[in-house]
Amino acid sequence: MSYYATAQQVFGDEIASLNAVLGQLAGDFDRVIELLLTLRGKVVITGLGKSGLVGGKIAATLASTGTPAIFMNAAEALHGDLGYVSEGDAVLMLSNSGSTVELVKMLPTLERLKTPIIGIFGKLDTPLARRCHTVLNATVEKEACPLNLAPMSSTTCALVIGDALAAALMKARQFQPDDFALRHPGGALGVRLLLKVRDLMHTGSELPTIAPTAGFR
């Protein structure tokens, strides 16, 4: 039995969802970029469950490409982690339902701090969506899951929206390979982009030498 047909179905459904969501972002996407470019602080990204996992990746991508960002688990936020949010920050919320209770419970604190709130939501007609400054419409017609239950198309679209935000901010800030290298000193990327011969070679008094008259020992 071949399962390749299932792979084709999943790829097809998710590509179709991406194309649909792209058409839903016009206008709002530019507003989000303009808001993020004016920040004096960082982007605090929050979500729960699968949305939280996607949010963690978006935070890591932003942080490594010139936009200070951290991920804040939505449940932990209600028990002290809202302290991550400071004056000058913005909060980016991810929720396919657009009504995650933990996100709703953050609103009084964020509104008191006058923190701009951006949503990436799968449903827009919710109290949470209406209280955000800007919402990116990540609504998908169906999940790629054979049961149309497990988040697949929706999480892919949220993830790609995050990548698009990072790429647009990189272009706006004229982020260059040297800037990228400064944030990746380790691993293969650090070696390829940042590490120079001078970082490894010995010079001056550290240079091992031996005189012509030295004995074998």
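S.K.: Would you mind going over the pairing of strand 5 (residues 134-137) in detail, with residue names and values included?
M.R.: By the alternation rule, side chains of strand 5 split into T134 and L136 and V135 and N137, which are all buried. Here strand 4 (residues 117-121) pairs with strand 5 via 4 bridges, running parallel. Paired with G119 across the two strands is V135, which belongs to strand 5.

S.K.: Give me the lowdown on empty space enclosed by the protein, citing residues and values where you can.
M.R.: One pass over the structure, following the stated rule, counts 1 cavity of 30 Å³ or more. A volume near 40 Å³ is recorded for the largest cavity. As for the largest cavity, its lining consists of V32, L36, V43, L62, L92, I118 and L165. Of the residues contributing to the lining of the largest cavity, the split by class is 7 nonpolar, no polar and no charged.

S.K.: If you had to explain the pattern of salt bridges to someone new, which residues and values would you point to?
M.R.: All chains considered together, the criterion is met by 7 salt bridges. Between R31 and D28 there is a salt bridge; the shortest N-O distance is 2.3 Å. Highlighted residues: R31 and D28, both in helix 2 (residues 28-37), separated by 3 residues, approximately one helical turn. We classify R31 as partly exposed; its relative accessible area is 44%. Note that R131 is salt-bridged to E111, the shortest N-O span being 2.9 Å. Of this pair, R131 sits in the loop between helix 6 (127-130) and strand 5 while E111 sits in helix 5 (residues 101-112); the two residues are 20 residues apart in sequence, bridging distant segments of the chain. Judged by relative accessible area, which is 39%, R131 ranks as partly exposed. Overall, E111 belongs to the partly exposed group, its relative accessible area being 37%.

S.K.: Outline the side chain of E14, listing residues and values.
M.R.: Residue placement: E14 occurs in helix 1 (residues 4-24). One buried charged side chain, E14, makes no salt bridge at all; its nearest oppositely charged neighbour is K142, positioned 9.6 Å away.

Rules used throughout
Residues numbered from 1 in each chain as written. Predicted model: local features only at pLDDT ≥ 70, side-chain atom pairs only at ≥ 80, totals over all residues. Heavy atoms only, no water. Buried < 20%, exposed > 50% of the residue type's maximum accessible area, 1.4 Å probe, protein only. Helix = DSSP H or I, 4+ residues; strand = E, 2+ residues; numbered from the N terminus. Pairing = 2+ DSSP bridges. 1 Å grid on protein atoms, 1.4 Å probe; cavity = no way out; pocket = protein on both sides within 12 Å on 5 of 7 lines; lining within 4 Å. Points joined across faces, edges and corners; volume = space filled by probe spheres on them. Nonpolar A, V, L, I, M, F, W, Y, C, P; charged D, E, K, R; others polar. Salt bridge = Lys/Arg side-chain N within 4 Å of Asp/Glu carboxyl O. Lys, Arg positive; Asp, Glu negative; His and termini not counted.

These figures come from the coordinates and say nothing about function on their own.
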